[in-house]
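Report on the structure
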Amino acid sequence: MDQAKFLEIANYVTGLRLFPYFDAANYAVMCLMIRDDSHPQGKAESITFSRKQPLSCWLASMLMCFAGSILSNLLIGEGIVAPFKHQKDLILATGVWYIINYSPFDLVYKLCKFLPVRVIIHCAMQIHMVSRVHHGVTYALKKFPGSFVIACLIGIAKGSGYCYMRLIERVVRGIWTPSSHEILQPSFSSKACLSASIVFICQHLGFFSAPFSAIYFSVVCFFVYFSISAQILGFFDPFVPFEKVICVVIFGGLVDAVGKLFSRTEQQTSPPSDETAKHKSD
């Protein structure tokens, strides 16, 4: 691709407005996650949850829709209810929640689960996620100059806050799963947001000579590519091989392997005990 054309596309993607279309896509994915978790396939009686418990369903969905802002405000020390002061966002999120759960004959839900539509929605959500990560990193660096760890935490919270909100929103729906949360089992979204935060911090420090729009667009392409791969080809976490290497080299895996090797060697070379020799002679 021509460099000028690439920069033109990159500038266009960088300048995209999130409201209302990309925000709506993000809200749709969150509401779909709540619905699929509340209405497991194969259990016809579970469809009554959104009918019998609309307040719980709505509150859980709103917690997921605004999870990034809630968690980042909590980390920074700002009001956790501040995200709900924007009436347009709240009305849009509520509207998306309503049509996904209560549309006639579940038309909207079935449309969102249709593969081409699902791919488009998830791609729009990834663009929204990258924008949120960049906004979080930029804001954190302005508020805490030089605090790169805080910038990474805020970037992760902004981009993949919904992953860490799952435990709370499940409690709101009456489900308690303390052994399955994001810190114990980090998802691809958290790892990708961490990587994007590091890239944006390096860009802020001037480590890259490329224009900001090119870096931003490259991060968007990374997110979108793996989102499409997950929806069409099945999920693959590209960070797993690096995690295994790091665990082996840094976190004791290599030492444990060498220790097991030496213990096996000692067992093979050690002379047989008296009981073993007596048993063989018999």
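These lines cover the structure that appears in this document, whether it is placed above or below. Since we're looking at a predicted model, the values are computed, not measured. (Residues numbered from 1 in each chain as written. Predicted model: local features only at pLDDT ≥ 70, side-chain atom pairs only at ≥ 80, totals over all residues. Heavy atoms only, no water.)

**Examining the packing of helix H2 (residues 21-38) against helix H6 (residues 87-102)**
Put simply, H2 and H6 touch, their axes get as near as 9 Å, and they point 45° apart. One way to sum up the angle between H2 and H6 is to call them oblique. Between H2 and H6 lies a crossing whose hand is right-handed. Seen from H2, the contacting residues are Asp23, Ala24, Tyr27, Ala28, Cys31, Leu32 and Arg35; seen from H6, they are Asp89, Leu92, Ala93, Val96, Trp97, Ile100 and Asn101. Residue composition of the contact of H2 with H6, by class: 10 nonpolar, one polar and three charged. (Axes fitted to C-alpha atoms, helices over the stretch in contact; angles between N-to-C directions. Helix = DSSP H or I, 4+ residues; strand = E, 2+ residues; numbered from the N terminus. Parallel < 35°, antiparallel > 145°, perpendicular 65-115°, else oblique. Left-handed = near helix turned anticlockwise from the far one by under 90°. Contact = heavy atoms within 4.5 Å. Nonpolar A, V, L, I, M, F, W, Y, C, P; charged D, E, K, R; others polar.)

**What about the packing of H2 against helix H4 (residues 54-65)?**
Look at H2 against H4: their axes get within 9 Å of each other, and the N-to-C directions meet at 135°. Our classification of the angle between H2 and H4 gives oblique. In this structure, the crossing between H2 and H4 has a hand that is right-handed. Residues Asn26, Tyr27, Met30, Cys31, Met33 and Ile34 of H2 form the contact with H4, whose participating residues are Ala60, Ser61, Met64 and Cys65. Of the residues contributing to the contact of H2 with H4, the split by class is eight nonpolar, two polar and no charged.

**A closer look at the packing of aromatic side chains**
Taken as a whole and judged by the stated rule, the model has 15 aromatic pairs. Geometrically, the ring pair formed by Phe188 and Phe222 is tilted, given 6.3 Å between the ring centres and 40° between the ring planes. One end of the pair, Phe188, is in helix H10 (residues 188-204); the other, Phe222, is in helix H11 (residues 212-232), with 34 residues separating them in the sequence. Under the relative-accessibility criterion, Phe188 is labelled buried at 11%. Lying over the aromatic face of Tyr109, Arg35 brings its terminal NZ or CZ to 4.0 Å of the ring centre. (Phe/Tyr/Trp six-rings, centres within 6.5 Å; stacked < 30°, edge-to-face > 60°. Buried < 20%, exposed > 50% of the residue type's maximum accessible area, 1.4 Å probe, protein only. Lys NZ or Arg CZ within 6 Å of the ring centre and 35° of its normal.)

**Some words on the nonpolar core**
If you look at the biggest cluster of nonpolar residues, it comprises 65 residues, and the most contacted ones within it are Cys65, Phe66, Tyr162, Phe200 and Phe223. Once residues lying within four places of it in the same chain are set aside, the contact partners of Phe223 are Gln126, Met129, Val130, Ala192, Cys193 and Ala196. (Core = buried A, V, L, I, M, F, W, Y, C linked by side-chain atoms within 4.5 Å.)

**Description of a nonpolar patch on the surface**
Nonpolar side chains collect at one region of the surface, where Phe242, Val245, Ile246, Val248, Val249, Ile250 and Phe251 lie side by side and expose about 740 Å² of accessible area between them. Positionally, Phe242 belongs in helix H12 (residues 240-249). Given the relative accessible area of 57%, Phe242 is considered exposed. (Patch = residues over 30% accessible without salt bridge, like charges linked within 9 Å, V, L, I, M, F, W, Y side chains within 5 Å. Areas by Shrake-Rupley, 256 points an atom, 1.4 Å probe, with all protein chains shown as cover. Salt bridge = Lys/Arg side-chain N within 4 Å of Asp/Glu carboxyl O.)

**What to know about H6**
For H6, which comprises 16 residues, the first-to-last C-alpha distance of 22 Å matches the rise-based estimate of 22 Å (1.5 Å per residue) to within 8%. All of the buried residues in H6 are Asp89, Leu90, Ala93, Val96, Trp97, Ile100 and Asn101. Seen from one end, H6 has its buried residues packed into an arc of 130°, which puts them on one side. The outward face of H6, more than 90 degrees from its buried face, is lined by the exposed residues Lys88 and Ile91. For H6, the elements touching its buried residues are H2, helix H3 (49-52), H4 and helix H7 (107-113). (Expected span 1.5 Å × (residues − 1). Arc of directions from axis to C-beta.)

**What about the side chain of Ser38?**
Turning to its location among the elements, Ser38 is positioned in helix H2. Looking at Ser38, the relative accessible area reads 11%, which means it is buried. A distance of 2.9 Å separates a polar atom in the side chain of Ser38 from a polar atom in the side chain of Arg173. (Polar contact = N/O pair within 3.5 Å; in protein donor to acceptor, adjacent residues only side chain to side chain.)

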